[in-house]
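Each chain, written out:
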Amino acid sequence: MKILDRYILVTFLKTFISVFIILMFIFVLQTIWLYISELAGKDLDFWIVMKFLWFVSPRLIPLVLPLTVLVTSLMVFGSFAEKYEFAAMKSTGISLQRAMGSVIGFIGILAITAFFFANNVIPYSEYKWQNLRRNISQFKPSMVIAEGQFSQIGDLFNIKVEKKTGDRGQFLEDVVIHKKNEDRPTGNFTVIIANKGELASEEGSNTLSLILKEGNYYEEIQSKKPATKKRQPFAKSYFEEYSINIDLTELNEKDIDKDNNIDNQNMYNSSELRVEIDSLSKSYSKDIESYTKNMYYRSGIEKFNDIKVDDSSVPPAINSILEIYNPTHQHQIIKLALNNAKGTVQAIDAKKVEFRNKTKRLNKTEIALHEKYVLGFACIILFFVGAPLGAIIRKGGMGLPMVVAILLFLTYHFIGIFAKNSAEDGTMHPFIATWLSTAIMFPLSIWLTYRATTDQGIFDFDSFIQRIGRLFNLVKKKK
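Residues numbered from 1 in each chain as written. Predicted model: local features only at pLDDT ≥ 70, side-chain atom pairs only at ≥ 80, totals over all residues. Heavy atoms only, no water.

Caption draft 1: View of the overall build of the chain. Of regular secondary structure, the chain possesses 15 helices and six strands. Counting every position in the chain, which comprises 479 residues, the buried fraction comes to 36%. For the chain, the share of sequence-separated contacts (at least 6 apart) that also reach a separation of at least 24 residues comes to 70%. As displayed, the chain has an accessible area near 28900 Å², and 58% of this comes from carbon and sulfur atoms. (Helix = DSSP H or I, 4+ residues; strand = E, 2+ residues; numbered from the N terminus. Buried < 20%, exposed > 50% of the residue type's maximum accessible area, 1.4 Å probe, protein only. Contact = heavy atoms within 4.5 Å. Areas by Shrake-Rupley, 256 points an atom, 1.4 Å probe, with all protein chains shown as cover.)

The following block contains the structure:
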């Protein structure tokens, strides 16, 4: 490697590492902010929090890496142009493409590495992160009870509170509890309503005491006699204070490293995604075919296949196909058609949601597959956007290049987000949606590279003004 190539590559690598660390730190802080409610107030060890951040970090790479390449390219090549180093290179016959040669090699290696990282590391970290999130959510029982919604504790209790106060969220207001019967756990036959409540338990204890104050206890009495059951008997009582002891043995024995049976498309590598796509496609097609046959059978057409029409009874001119049947059959056909129409409408409404969810899952899986390939290509394309643009604007450092890089990346990122959201509901094909933002940046990279190679600016104002002037001269001559 020549001294010039080494100098350009080392300069690029130093800036690349610095920018990557800074951007990664910013995105990790944003992640902490997003998931602070899952981490705060649960008495988690420091290593568990660090483990959470360690597993969530790889999923940030598809955002951080392309932005790092774009920012670094703008800063480094803008600095070279600002210090007239490119001018010195060109005076010795070294073109822009030749100067970028060593960095292009690094970007190529980076793109290949990004694919293998997205294909192997990110799925594994996603699986571990999702498991850790689920285990943390059950790590502290008092945090399981959320405000404004029913939260299940154990197998028998569903608890809803309007407000929690106290340093540990132990004081509750407007408590509603649905308690299942141990003998008949399929229904909620006991309802307890209290104005106030308090969670109390000793450290290390497997029993959580819920002390309720100023409330009512309602219990639906289950009777085996049909006559008694029709009267819907229930018992009601008022209490000043009522205590419920909840066994937390299962919750307190939660293993923070336990592997739960969860999976989604982000946890698969490319080969697994292809198998999953094939399986989902066949299942979807089979469901459509089965549903079509089911609707055909429900129409009842087969019931009339054996009905024979007497040709002699057919009138010479008919206004409706019903007229070829006798009145009894006409009544049956009309009645059957109405019932089938109502049943079909209800069945279609129910199936719409099911097929929509299946389509969304299939599209998400296809998007996840293409995202593994698009990451490496995005790094290459954004390099050929940033490097020539930096040479054109001739400005290095963290000022203007950073602003330009952020604007370009936000455009690239938002196009990708909108396209993928459209692809999830089937508006756009997943392949087009995943590659759209990169495809838009591709001609821009070619155009910028051409402008930088030929020493032209982004926009030639002098040439534009001259063309406008010629246009006005032609108009005056015609007049």
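Caption draft 2: Representation of the UniProt feature "transmembrane region" (unreviewed entry) in the chain in the model. Per the UniProt record, "transmembrane region" (unreviewed entry) is annotated on residues 12–36, 56–78, 99–118, 373–393, 400–419 and 431–450. Taken end to end, residues 56–78 is 83% helix and 0% strand, and its two terminal C-alpha atoms sit 33 Å from one another. Taken as a whole, residues 431–450 contains 100% helix and 0% strand, while its terminal C-alpha atoms sit 29 Å from one another. (UniProt positions renumbered as here; feature names shortened; annotations may be inferred.)

Caption draft 3: View of the layout of surface pockets. Taken as a whole, the largest pocket spans an internal volume of roughly 1100 Å³. If you trace the largest pocket, you find 35 residues lining it, with Arg59, Pro62, Asn266, Glu371 and Lys420 closest to the centre. Elements that contribute at least two residues to the lining of the largest pocket include exactly α1 (3–34), α4 (61–82), α7 (101–137), α12 (327–393), α13 (400–424) and α14 (430–453). (1 Å grid on protein atoms, 1.4 Å probe; cavity = no way out; pocket = protein on both sides within 12 Å on 5 of 7 lines; lining within 4 Å. Points joined across faces, edges and corners; volume = space filled by probe spheres on them.)

Caption draft 4: Structural context of the side chain of Lys372. With respect to the element layout, Lys372 can be found in helix α12. Buried charge without a salt bridge: Lys372, with Glu371 as the nearest opposite-charge side chain at an N-O distance of 7.2 Å. Looking at Lys372, its side chain comes within polar contact range of the main-chain oxygen of Tyr268, at 3.2 Å. If we skip the residues at most four places from it in the chain, Lys372 touches Phe115, Ala118, Asn119, Pro123, Tyr268, Asn269, Ser270 and Leu273. (Lys, Arg positive; Asp, Glu negative; His and termini not counted. Salt bridge = Lys/Arg side-chain N within 4 Å of Asp/Glu carboxyl O. Polar contact = N/O pair within 3.5 Å; in protein donor to acceptor, adjacent residues only side chain to side chain.)

Caption draft 5: The arrangement of the packing of α1 against α4 in detail. Interaxial distance between α1 and α4 falls to 8 Å at its minimum, and their mutual angle equals 140°. Taken as axis vectors, α1 and α4 run oblique relative to one another. For the crossing formed where α1 meets α4, the hand is right-handed. Looking at the contact of α1 with α4 residue by residue, the class counts come to 20 nonpolar, five polar and no charged. (Axes fitted to C-alpha atoms, helices over the stretch in contact; angles between N-to-C directions. Parallel < 35°, antiparallel > 145°, perpendicular 65-115°, else oblique. Left-handed = near helix turned anticlockwise from the far one by under 90°. Nonpolar A, V, L, I, M, F, W, Y, C, P; charged D, E, K, R; others polar.)

Caption draft 6: Quick look at α12. The terminal C-alpha atoms of α12, which comprises 67 residues, lie only 87 Å apart, well short of the 99 Å expected from a rise of 1.5 Å per residue. Its maximal kink placed at Val374, α12 deviates by approximately 35°. Positive phi appears at Arg394, one or two residues downstream of α12, with a value of about 55°. (Expected span 1.5 Å × (residues − 1). Bend = angle between axes of the 7 residues up to and from the residue.)

Caption draft 7: Broad picture of the environment of Ile32. Mapped onto the elements, Ile32 comes out in helix α1. Placed 20 residues apart in sequence, Ile32 and Phe52 show a C-alpha to C-alpha distance of 9.6 Å.

Caption draft 8: How the structure looks around a nonpolar patch on the surface. A cluster of nonpolar side chains, namely Ile22, Phe25, Ile26 and Leu29, defines an oily patch on the protein surface of about 390 Å² accessible area. Relative to the helices and strands, Ile22 is located in helix α1. Note on Ile22: relative accessible area 46%, which makes it partly exposed. (Patch = residues over 30% accessible without salt bridge, like charges linked within 9 Å, V, L, I, M, F, W, Y side chains within 5 Å.)

Caption draft 9: Layout of the side chain of Thr434. Position of Thr434 among the secondary structure elements: in helix α14. Look at Thr434 and you get buried, because its relative accessible area is 3%. Within the structure, the side chain of Thr434 is placed 2.7 Å from the backbone oxygen of Pro430, a separation counted as a polar contact. With residues near it in sequence (within four places) discarded, Thr434 still touches Ile367, His370, Glu371, Val374 and Lys420.

Caption draft 10: How the structure looks around helix α3 (residues 46–56). Taken residue by residue, α3 has Ile48, Phe52, Leu53, Phe55 and Val56 as its buried positions. End-on view of α3: buried residues confined to an arc of 165°, all on one side of the axis. Facing away from the buried side of α3 by more than 90 degrees, the exposed set consists of Phe46 and Trp54. (Arc of directions from axis to C-beta.)

Caption draft 11: Structural detail: the packing of α12 against α14. Where α12 meets α14, the closest approach of the two axes is 8 Å, and the angle between their N-to-C directions is 15°. When the interaxial angle is binned, α12 and α14 end up roughly parallel. Crossing geometry of α12 relative to α14 is assigned as left-handed. Split into classes, the residues belonging to the contact of α12 with α14 amount to 21 nonpolar, six polar and three charged.

Caption draft 12: Fine view of the nonpolar core. If you look at the biggest cluster of nonpolar residues, it comprises 61 residues, and the most contacted ones within it are Phe12, Phe77, Phe86, Ile107 and Phe383. Looking at this core element by element, the count peaks at 13 residues for α4. Aside from chain neighbours lying at most four places away, what touches Ile107 is Phe12, Val69, Cys379, Ile380 and Phe383. (Core = buried A, V, L, I, M, F, W, Y, C linked by side-chain atoms within 4.5 Å.)

Caption draft 13: Summary view of the pattern of salt bridges. This model, assessed by the stated rule, comprises seven salt bridges. In the salt-bridge network here, residues are joined through shared partners; they are Asp287, Glu354 and Lys358.

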